[in-house]
Structures are given as C-alpha cells and as structure tokens.
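Reading the structure
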Amino acid sequence: MTRQAVERLSRQYDEPAWLADARLRAWQIFEMSPMPSRQDEEWRRTNPGGLRLDELVPFAEPSGQIESPLRLDGNVGGLITQMNSVTTDRSLQDHIAEDGVIFTDLQTAACEHPDLVQRYFMTEAVNPEIGKFAALNAAYWSGGTFLYVPRGVEVVLPLRSLYGLTEGGIATFGNTLLVLEDGARATYIEEYVSPEVDRQSLNAGVGEAYVGQGAHLTFITLQDWAGKVWDVSTQRALLGRDSRIDWLVINVGTGTTKTNIETGLQGQGAFAQMLGIIWGARNQHSDYHTVQDHIAPHTTSDLLYKSALTDEAKSVFSGRIRVVQGAMGTDAYQANRNVLLSEKAAAFPSPNLEIEANEVRCTHGATVGKIDQDQLFYLMSRGIPRDMATRIVVEGFFEDVLQREPVASIRDNLRDLIGRKLDES
Amino acid sequence: MSEQQELKIENLHVRVEDQEILKGIDLTVEPGKVHAIMGPNGGGKSTLAYTLMGHPGYEVTEGRILLDGTDITEMAPDERAKAGLFLAFQYPHSIPGVTMANFLRTAVNATRPEPVSPRDFRKTMREQMALLKMKDEFAGRYVNEGFSGGEKKRAEILQMAMLQPKYAVLDETDSGLDIDALRIVADGVNALLGPEMGVLVITHYQRLLNYIKPDYVHVLVGGRIVANGGPELALELERSGYEKFEPPSAA
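A quick note: this is a predicted structure, and the numbers were derived from the prediction, not measured.

Next up on the list: the overall build of chain A. When helices and strands are counted, chain A shows nine helices and 21 strands. Taking 2.2 N^0.38 as the reference for a compact globule, 425 residues should give roughly 22 Å; the C-alpha atoms of chain A span a radius of gyration of 21 Å, in line with that estimate. For the C-alpha atoms alone, the extent of chain A along its principal axes is close to 70 × 50 × 50 Å. Expressed as a percentage of its 425 residues, the buried residues of chain A come to 61%. Surface exposure of chain A reaches about 16,200 Å², of which carbon and sulfur atoms provide 45%.

Below, the structure written as structure tokens:
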C-alpha cells in the first residue's frame, strides 16, 4: 500500500481530477494518523494489533464464486455484484430507472453523475478524517454502490448489493452511498460474504446514507464473512426533517468485526429504528459501536441489538445516545440483549449517555444471560432433542427483532439463514 | 417375549443439591389406570414428577424407573418423551418468540417415526383446541408467554393430546385454576383416558379427583409412600388432613 498505488488506481480507472485529488488527500490522512491501539477507548475490546495491515494487498481480480447468504433472487429492483472490490455485474429495472432513480456502482456514478457524487461522497456523513480506516477506504475504494432516489419517488422493490471477498491476503474497500431526496422511499439490502480463505483478509468499509425531508429508507446490512476476515467499517445515516430510517444490521459470520453504526437525527421529527442480530460461533469477535445522535429537537430513536453466542465467540456492544444542547423533546431508547450458549462465550455491553438538553427521555438497558436450562428442559420433555431445543430458543430470542424488521418479504430468508448458521455450529 | 406394559418405579432415591428428597419410592402405573399421589407440600411430589421426566437437577442415587420394561433412569428427557412419557408441568415455562403451533408441530414430529403432514397436523390441532375451548388464535401465540393460569394448564393438556403419551404425569394441574377452568382441563384429560394410557395425577387437594376419578390413591409424605388405597382414601384425607402421616417433629 503506497501513494503510487493510489495514483495508479486513479489512472487505471481514468478518474476525474477531483476524485484523484480526494484519494491523495485521504492517503495523506491515512499516513499521518496513528494506527489505533488498545489504549484508544474505541479499541478497548478489539486488539487492532491482530490485523497485519502491511501484509495485505489492496487489489485483487475477481475470482471464485459467491452466493447471497439470504438466498435472495428474482424479485428485486436492481442488483450490483462485486468481487474483491471489482464490479462484475449490475442491473436496474427499466421502470425504476425511468423515474430518475440511479443505482449503479460508485465508480461509474462518479463519472456519469459527478455533481451528485461529489456533493455527497465522504463529505458529511463519513469523512476520511474520522479515522485511519475510513481514510484508507477513501484512498483505495473501488466498485462501491450508489443509490439516488429523486424527490417524491418511491422504489417499491428492494435494491441489492452483493459484496464478495474471495481471497486471503487482500483488502477490499466496500463503499456505499445512498441518497434519498425529500419524500423518497427505498429499501436497500447489502450482503458481505466470503468463502473460507487461507489467510487474513480485510474489508475496510464505509457506508453513508442521506435521508431527505419526509423520506423513508429501509437499510439492511448483512455480514457473513469467513473466520479469517476482518471487517473495520463505519456507516452513518443523516436524517432530515420528519424522515425515517429502519436499519437492520445482521452479523452471522466474521473473524473480527469492529463496526460503527451511527444515525444523526438532524431534522425535527426524524425517527430512527436501529436493529441488530449477531450470531457468533467458534472464535468470532464482533464489536459494534452504535451512536444515536440527536441533533434536532423532537427526534426519536429506538435501538434493539441482540446477540447469541456459542463456542468462544465474543460480542462487544458500545451504544451511545447523544443529545446535543437544544434537542429538547428527544425520545431515545436503547436495549442490548445477549444470550450465551457456552461457558467460554462472552458479551460486553456498555451503554453510554451524553445528554446536554432538557426535557428529554432517554432509557437504556443491557442484559447478558446464559441460555435458560428450564426452557431447554421443557422443550426436551416434549421429545425435542437438545440441539433442536437450543435452536428453537435462539430463534425465538431473535424473533422480536425480526418482527420489527420492516421488509416482511425477507423475514423467512432471515430465519432460514439464522437456522442454517445454528445448524452449522 | 412381550415386555411388561407398565410404568414401574423401583426403590427410587433422589437427591437435590445434597439433600435426599425421595427415600425409596415403589409404584407401578398400568395402562388404563389412574393413580393419584397426594401429599403435603415439601413431601416430594414435584421431585417425583421432575425425576420421572429426567430434569438434570435431580439425581437418582438408588433405584430405577422402567417404562414397558425399558430402563429409562439415565435417559435424556427427549428420549423419555419418545418412549411415551409425558409431564404436564405445574409451572410451564414460556418460550418467547416461538409460536404454539410451531412448538407443537416440532414436538409431534420429534416423537414420531414419520412426520405428519402440515394439513393433518393443523386439523388435529384445531380439533383438540376446540375440545379445550381454545380460540384458533391461540396457536399463533408464543409458548406460555403472557398466558393466564388457566391458559397454561389448558396448553399443557393440549400438548398431551397432541403427543398421545402412554404414561402421563400431571403435576398439580389443578393449582391456580378456578372451578370453570378446572372443569375444562379435567374434561380434556378425561377425553384422553382409555385402556392405552396410564396416568399419574399429583395433587395436594382432593378437589381435582372429583373430576378425574382415580383407581388408586397413594400418600407421599417425607419422601416415602406412607399409605395406599382406593378413591376413598382421598376423601378421608380431605377430612383428616395429612397430619397423622407426618413424621413427629423435632420441636
């Protein structure tokens, strides 16, 4: 990873000058910012020293095969597939494109819609200065996803992106930019997936969502990496007046994940529902930092993250509710529930409130518990073997999240995926 | 070489957390018969129920349990259920997020060699629910989650009806029920009685036995069966209480 490599990337894709410059600025930030260490509060429970950044190659050709973990197909409005950060396939139904909707890879969008992309891309929601990995992404990203929904347009069918990583020893830089103008509606589902790889790999991802006044975004982001893959990502959504986001994060596979999921409620009356499902087996380590950032008055956020862990899996949840001065009438709720299926599994929830406004309501709660032996005994007394009883209890544990998940049509796919993962362990 | 058809408890000693609760129980339940076990609180009634079903917290230190000649003392609870044993819980556990219908179908399929078709399953479930005066929507509710006392007990009997065990243990099925609910539950049990099924009714009060008629009554006090008799023994206990069976107190 070098400055020359960044320049080569810009030349290879014949990029406009503003983008090539942005990459080089980001590279400079990357070089200047220190590698995080466990002394940093953000990395207290995930050791960045386990990541061998200097042994990773930032490019790879598409290779191998990937499959949608949700096994979604057919009935979607559009699909972008990329492997090792190279776009291999993209489609958008004509009738959606005719409404002025843009759904393409971010590189193509940067060339075909430079004004739009330049205005939003890594400017406000996530910018390269927030940290070393965001800067690295800004320097090296390729492929990516760009969704633009014009004012008042509703996209009924889900739009999907499939990000694949198929080799050991590489770094990919997934990058998603979603822009919904005022009154627009859309559902976007992204899946990150890899087959087993022989060496450590990294996805350093960035996701940004701009939800305009009265707009409604449903955002599902799913991770199903193999055991040697690291994921260090930041995703942040900015919400306009009276807008809404329903955001479900699912992690059913990783080596080490350290991901920030943040909503900035910038417009009065905005509402954010943030949901999380984490299933950990073997020695998977997932570390989620969430932020419910109440910037405007009379905004509402409701967060529920649940994890079930077996073997030696670890789950860290650091959830922050921030209410800035003047954001009165804020209503924020946060709950983190963890169930442990083995002696060595562990969960570390830490809620965190920063409240600078009056007349607000903020509640939070976190629990960690072992799987209930009496529930297992009850199910087993009906002839259900222990493994199946465990699976039933865990599926039931996640069910309230699924019931709140807004895309009813994929609920069975989610249930099947979770069931498959439970069977594998 | 037909095995003896019976649920046979031989010299059963059970320990819970270093304390011996059952001190040598002998009891045989035959198909087609209803046995009642009565006794004061703390006498070991629920320990017997949980031990029969194989709760891991109850350690059998001596004796054994035979189901139609097969020793089930060391079997896991699910294997006992497959062998034909059923326990109606005094305090059924709730399983959030799991619907009754899903739970019942899983249980029915787990205890049978061939899975039932979804259509046959639904039909049988609806019929049994109607007998227990349960509304259809009950099937879509989460297992025991937010159920009233009466709903929980009806749900237990519904499971018994769906699983059709050879031997059923009813642990304090009357507790927490008003008279109407008690009648519905008892009618449900009586509808299942027949020459094929043996039942062990565990109860503190005689009241339930007005509705589910026992063939035999046993009195369990201090971890031992201290008296055996017919239905008249239950009536006698109702009048005189358990005092005459209690061991002399140290005080």
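Next comes the rest of the account.
On to unusual backbone geometry. All names here are of chain A. One non-glycine residue, Asn84, lies in positive phi territory at about 50 degrees. Locating Asn84 in the fold gives a position in the loop between β1 (78-83) and β2 (86-92). For Asn84, a relative accessible area of 3% translates into the label buried. In the Ramachandran plot, Glu359 falls in the positive-phi region, its phi being about 55 degrees despite a non-glycine side chain. One can find Glu359 in the loop between β20 (346-355) and β21 (361-370).

Let us look at the packing of helix α5 (residues 149-163) of chain B against helix α6 (residues 179-192) of chain B. Residues and elements named next belong to chain B. Running from N to C, α5 and α6 cross one another at 10 degrees; their axes reach a closest spacing of 10 Å. Judged by the angle between their axes, α5 and α6 are roughly parallel. Note on element contacts: α6 touches α5 through Ile184, Val185, Gly188, Val189 and Leu192, opposite Lys153, Arg154, Ile157, Met160 and Ala161. Counted by class, the contact of α5 with α6 contains seven nonpolar, one polar and two charged residues.

Moving on, we get to the interface of chain A and chain B. Taken together, the contact between chain A and chain B spans 18 residues of the former and 32 residues of the latter. When chain A packs against chain B, the two sides together hide about 1,900 Å² of surface, and 70% of this comes from carbon and sulfur. Here chain A and chain B share one salt bridge between them. When contributions to the side of chain A that touches chain B are tallied by element, the ones reaching two or more residues are α7 (373-380) and α8 (386-404) of chain A. Residue contributions to the side of chain A that touches chain B peak at seven residues, all from α8(A). In terms of residue class, the side of chain A that touches chain B is made up of ten nonpolar, five polar and three charged.

We now examine the environment of Ile418(A). All names here are of chain A. Mapped onto the elements of the fold, Ile418 is located in helix α9 (residues 411-424). Sequence separation of Ile418 and Val101 is 317 residues, and the distance between their C-alpha atoms is 33 Å. The contact partners of Ile418, leaving out residues within four places of it in the chain, are Ile277 and Phe398.

Before going further, it helps to examine the sheet that holds strand β1 (residues 7-16) of chain B. Residues and elements named next belong to chain B. Within the open sheet, the four strands sit side by side as β2-β1-β4-β5. Their pairing is antiparallel. At either end of the open sheet lies a strand with only one pairing partner, and these are β2 (19-29) and β5 (70-71). As paired strands, β1 and β2 are joined by eight bridges and run antiparallel to one another. Residue pairing in the sheet places His13 in a bridge with Lys23 of β2. Contacting β1, β2 and β4 (59-67), helix α1 (residues 45-53) runs over the sheet at an angle of about 110 degrees to β1.

Right, let's get into the environment of Gly329(A). All names here are of chain A. Relative to the helices and strands, Gly329 resides in the loop between β18 (314-323) and β19 (331-340). Linking Gly329 and Ala296, residues 33 residues apart in sequence, is a C-alpha distance of 9.2 Å. The contacts of Gly329, once residues within four sequence positions are left out, are His298, Thr299, Asn358, Glu359 and Val360.

Calculation notes
- Residues numbered from 1 in each chain as written.
- Chains lettered and ligands numbered in written order.
- Predicted model: local features only at pLDDT ≥ 70, side-chain atom pairs only at ≥ 80, totals over all residues.
- Heavy atoms only, no water.
- Helix = DSSP H or I, 4+ residues; strand = E, 2+ residues; numbered from the N terminus.
- Rg over C-alpha atoms; globule rule 2.2 N^0.38 Å.
- Buried < 20%, exposed > 50% of the residue type's maximum accessible area, 1.4 Å probe, protein only.
- Areas by Shrake-Rupley, 256 points an atom, 1.4 Å probe, with all protein chains shown as cover.
- Axes fitted to C-alpha atoms, helices over the stretch in contact; angles between N-to-C directions.
- Parallel < 35°, antiparallel > 145°, perpendicular 65-115°, else oblique.
- Contact = heavy atoms within 4.5 Å.
- Nonpolar A, V, L, I, M, F, W, Y, C, P; charged D, E, K, R; others polar.
- Buried area = accessible area lost by both parts, 1.4 Å probe.
- Salt bridge = Lys/Arg side-chain N within 4 Å of Asp/Glu carboxyl O.
- Pairing = 2+ DSSP bridges.

Note that every value here comes from positions in space, so none of it alone points to a role or purpose.
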